[in-house]
Amino acid sequence: MEIVRLAQDDTALFAEWLTLFGKAFEEPDTYTGAMPSAGYRDRLLANPDFIALAAVDSGEVVGALAAYVLVKFEQERSEIYIYDLAVDEAHRRKGVATALVNETRRLAHDVGAWVVYVQADHVDPPAVALYTKLGAREDVLHFDMTPLERG
C-alpha cells in the first residue's frame, strides 16, 4: 500500500477518492452527485493548506483523508484539522486509517504545525478507538451554525 498526496490534474485519482468517501459514508450523492469542476479541483489541490491523501493498494483507492492546515493568529504556528477519513470496508482493520493519519502527522511536522486534531462521533466506536490509540482525547461540544444573509 502507498499513501499518495493528490495534486493538480489528478483527475481519475480525485474521482476515485471522492467515490470512496461516498461509498464508505453511504452518501454517494454528497460526494459524487455534484463533483467539482476541473478548475475548482485543481485550485483546491494546489492549495498547500488543503491535504488530500489516498491510500492506494494495487492501483485501487482503499483509503481517503481530507485535512486543512489552519494558520493560527496568536502565534506563528498552525494546526491541521482532519476533516474526513474513510477506508473501504474490505480494507478495514489493516492499518490503512493509521497510515493515513500518520502521514498527516508527518506533513504536520514538515509544515511546522504544532498539533493534528480530529472530531469523532460518540456513535462511531471504531473511529473513537482509532483516535484514542493515536492521540489524547478531549471532550468538547460542537455547534453547527447556518449562514445569515446580509441586510
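Below is a short write-up of the structure.

About the cut-offs
Residues numbered from 1 in each chain as written. Predicted model: local features only at pLDDT ≥ 70, side-chain atom pairs only at ≥ 80, totals over all residues. Heavy atoms only, no water. Axes fitted to C-alpha atoms, helices over the stretch in contact; angles between N-to-C directions. Helix = DSSP H or I, 4+ residues; strand = E, 2+ residues; numbered from the N terminus. Parallel < 35°, antiparallel > 145°, perpendicular 65-115°, else oblique. Left-handed = near helix turned anticlockwise from the far one by under 90°. Contact = heavy atoms within 4.5 Å. Pairing = 2+ DSSP bridges. Right-handed = clockwise from strand over helix to strand, strands pointing away.

Contact geometry of helix α4 (residues 96-111) with helix α5 (residues 125-134) gives a least axis separation of 11 Å together with a crossing angle of 45°. As the angle between them shows, α4 and α5 are arranged oblique. Where α4 crosses over α5, the handedness of that crossing is right-handed. Counting all contacts with α4, which are made through Ala97, Thr98, Val101, Asn102 and Arg105, the residues of α5 involved are Leu130, Tyr131, Lys133 and Leu134.

Once that is clear, we can look at the pairing of strand β5 (residues 113-118). Relative to β5, strand β4 (residues 78-87) is paired through five bridges, and the arrangement is parallel. Note that in β5 the partner of Ile80 across the bridge is Val116. Handedness of the β4-α4-β5 crossover: right-handed.

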